[in-house]
Amino acid sequence: MINTSTKTKTDASENLILKDTSGFDAGSIRKDFPILNTTVHGKPLVYLDNAATTHKPLVVIEKTREYFEETNSNIHRGVHFLSQKATNEYEEAREKVRSFINAKSLKEIIFTKGATESINLVASTFGRMNINAGDEIIISYMEHHSNIVPWQMLTQEKGAVLKVVPINDHGELEMDKLPGLISEKTKLISIVHVSNSLGTINPVKEIIDLAHSKGIPVLVDGSQSIQHLKIDVRELDCDFFVFSGHKLYGPTGTGVLYGKEELLESMPPYQGGGDMIAAVSFEKTLYNELPFKFEAGTPNIAGMIGLGAAIDYVRGIGIEKIASYEKYLSDYAASHFVDIPKFRPIGSAKEKVSVFSFILAGIHPHDIGTILDFEGIAIRTGHHCTQPVMKRFNIPATARVSIAMYNTKEEIDHFVRAINKVFEVFA
Ligand code: C6P
């Protein structure tokens, strides 16, 4: 199924897929993603909106279908065969996640419905327990709203203070400002690993080491790093790491909160309900052990099993191979984007993943997106849930191209040609 050798390939979007020279067989990979055969407005789909969500390989689609056809049952509560089968498959998915990010224990892997819920969980539990009036939380200018609003809600509730690490004109953190923002009142640093609107890879290890030297825990939002970089939570030594499964080729409605066991043990539950309890009476409830203490109610069983299949798929290819192909494609894209007239990149960090935000002077990003859509090209336009980034660059929105392992050089060429149509319309 997966073959990383160099070869020429064909499929329904054949005219967009030619021989690539990086040694990574994107053509073979594309065959695993049925949606890539879709046509949009009569044109082959060119999907360059992977930071919003990635498409799902057949193994993920088949795994979830197989679950509903052959297993479908509630977990952790049935003595019958199917319930135990569903429980086993669900817990196998947890082990796949654990091993993928190299967590120490299964107790450290909490399943959620996405990165947003994972951050809200930490804010509502760790945050409510540890942040008091006058305390400080540090985030950055390039956070996704889901790593701003929960902390804003918490600081407002507690009379605490939110401090923000600024970013420079390249869209990099101004790291020299961080030490000055830290004080003895700092109770948490919550920082994005890779920016969804700028593509910047932040030096999270450096931030974690600095924070730990002052006894401050760190949450890393890995929503845009998990699909591009090798993640080792023990090597990073982060206290919390969150991501969404749907950006890692898994189903929507799946997410992960990694937390160090001792921290998770110390935190109160998030939601109350079934499965998170050991014993309930009207007087008192004893909570379940980790990780179940944080997983109230019937979860997205099929989704998490699908995420397990997505992790198997990515591991089968190798995240390093994916990263090096994406780097090759990014370099190719960057070298062609500079030739586009009036092209202004937003985010030109030295360390970047395959995410390109840009504006074309005088043309609204929504118009760019709409015209490209008629060429079969899907990009995202808007503020990307990072309004402070837009404010920092004094723009209302950007157009964003985000590349995944199934994209090709020829798709980038097609995109560059299609941009000419935008200029024709606005001539
Ligand atoms: N970014 C994008 O198009 P959820 O919605 O919970 O799956 O992920 C939230 C989230 C958190 N952090 C970062 C860095 C993200 O990029 C996202 C989701 C999508 O850029 C949708 S706005």
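Throughout, residues of each chain are indexed from 1 in the direction in which the sequence is written. The predicted origin of the model limits local features to residues at a pLDDT of at least 70 and limits the giving and counting of side-chain atom pairs to 80 or more, whereas totals for whole chains, interfaces and linings rest on all residues. Heavy atoms throughout the structure, all of them, feed into the side-chain values; hydrogens and water do not.

With respect to the side chain of H228
Then step 1. Helix and strand assignments come from DSSP, with helices taken as H or I runs of at least 4 residues and strands as E runs of at least 2, each series counted from the N terminus. Relative to the helices and strands, H228 resides in the loop between strand 8 (218–221) and helix 8 (233–236).
Then step 2. Accessibility here uses a 1.4 Å probe with only protein chains present; expressed as a share of the type maximum, an area under 20% marks a residue as buried, one over 50% as exposed, and anything in between as partly exposed. The class for H228 is buried, based on a relative accessible area of 7%.
Then step 3. Residues adjacent in sequence count toward polar contacts only when both atoms are side-chain atoms; beyond that, a polar contact is any pair of N or O atoms within 3.5 Å, and within protein one must be able to donate a hydrogen and the other to accept it. A distance of 2.6 Å separates polar atoms of two side chains, one belonging to H228 and the other to E326.
Then step 4. Look past the residues within four positions of H228 in its chain and what remains in contact with it is I319, A323, E326, V353, S354 and I403. Only heavy atoms enter the contact rule, under which two residues are in contact if any of them lie within 4.5 Å.

Some remarks on the nonpolar core
Then step 1. We call a set of buried residues a nonpolar core when its members are Ala, Val, Leu, Ile, Met, Phe, Trp, Tyr or Cys and they connect through side-chain atoms within 4.5 Å of each other. The biggest cluster of nonpolar side chains holds 102 residues, and the ones touching the most others in it are I101, I189, F241, F337, L360, I368 and F415.
Then step 2. Excluding its chain neighbours within four sequence positions, the residues that come into contact with I189 are I138, L178, I182, I207, A211, I216, P217, V218 and L219.
Then step 3. I110, V122, A123 and F294 belong to the second-largest nonpolar core, a separate cluster that totals 24 residues.

Description of the site of the ligand
Then step 1. Only a single heavy atom is needed: when it lies within 4 Å of a molecule or strand, its residue is near that molecule or strand. The environment of the ligand is made up of 17 residues, and the closest members are T116, D221, S244, H246 and R380.
Then step 2. A115 is positioned such that a nitrogen or oxygen atom in its backbone is 3.4 Å from an oxygen atom of the ligand.
Then step 3. Here an oxygen atom of the ligand and a side-chain polar atom of S244 are 2.7 Å apart.
Then step 4. Protein contact buries 87% of the 510 Å² of open area that the ligand shows by itself.
Then step 5. Among the residues making up the shell around the ligand, the classes are represented as 5 nonpolar, 8 polar and 4 charged. For every accessible area listed, the method is Shrake-Rupley and the probe measures 1.4 Å; residues are considered covered only by the protein chains on display. In the scheme used here, Gly and all other residues not listed as nonpolar or charged are polar, with Ala, Val, Leu, Ile, Met, Phe, Trp, Tyr, Cys and Pro taken as nonpolar and Asp, Glu, Lys and Arg as charged.

Brief notes about the environment of F426
Then step 1. Mapped onto the fold, F426 is located in the segment after helix 14 (409–425).
Then step 2. The exposure class assigned to F426 is partly exposed, which follows from its relative accessible area of 38%.
Then step 3. Residues F426 and I363 lie 63 residues apart in sequence; the distance between their C-alpha atoms is 7.6 Å.
Then step 4. When sequence neighbours within four positions are dropped, the list of residues in contact with F426 reads I363, D367 and I371.

Some details on the domain arrangement of the protein
Then step 1. Delimitation of the domains relies on an automatic or database domain assignment. Domains assigned within the protein are domain 1 (8–48 + 318–426) and domain 2 (60–316).
Then step 2. For domain 1 versus domain 2, the distance between C-alpha centres works out to 29 Å.
Then step 3. Contacts between the two partners involve 36 residues from domain 1, matched on the other side by 30 residues from domain 2.
Then step 4. Two parts placed together each lose some accessible area; with a 1.4 Å probe, that loss summed over both constitutes the buried area. In total, domain 1 and domain 2 occlude about 2700 Å² of area from one another, counting both sides; carbon and sulfur atoms represent 58% of this.
Then step 5. Salt bridge criterion: a side-chain nitrogen from Lys or Arg within 4 Å of a carboxyl oxygen from Asp or Glu. At the boundary of domain 1 with domain 2, the tally comes to 1 salt bridge.
Then step 6. One salt bridge connects R392 with D169, and the closest N-O pair in it is separated by 2.8 Å.
Then step 7. Inspection of the domain 1/domain 2 interface yields 19 residue pairs in polar contact (both at pLDDT 80 or more).
Then step 8. Among the elements of the structure, helix 11 (319–337), strand 14 (355–360) and helix 13 (387–392) are those that each provide at least two residues to the side of domain 1 that touches domain 2.
Then step 9. Counted by class, the side of domain 1 that touches domain 2 contains 19 nonpolar, 9 polar and 8 charged residues.

With respect to the pattern of salt bridges
Between side chains of opposite charge, a pair can form when the charged atoms approach closely.
Then step 1. On inspection of all chains with the given rule, the structure shows 21 salt bridges.
Then step 2. Measuring nitrogen to oxygen at the nearest pair gives 4.0 Å for the salt bridge that ties R77 to D275. Here R77 is found in the loop between helix 2 (58–70) and helix 3 (81–101), whereas its partner D275 is found in the loop between helix 9 (261–266) and strand 11 (277–280), with 198 residues between them in sequence.
Then step 3. Measuring nitrogen to oxygen at the nearest pair gives 2.7 Å for the salt bridge that ties D331 to K327. One end of the pair is D331 and the other is K327, both in helix 11 and 4 residues apart, which spans about a single turn.
Then step 4. A relative accessible area of 40% means that D331 is categorised as partly exposed.
Then step 5. Given a relative accessible area of 48%, K327 falls into the partly exposed group.

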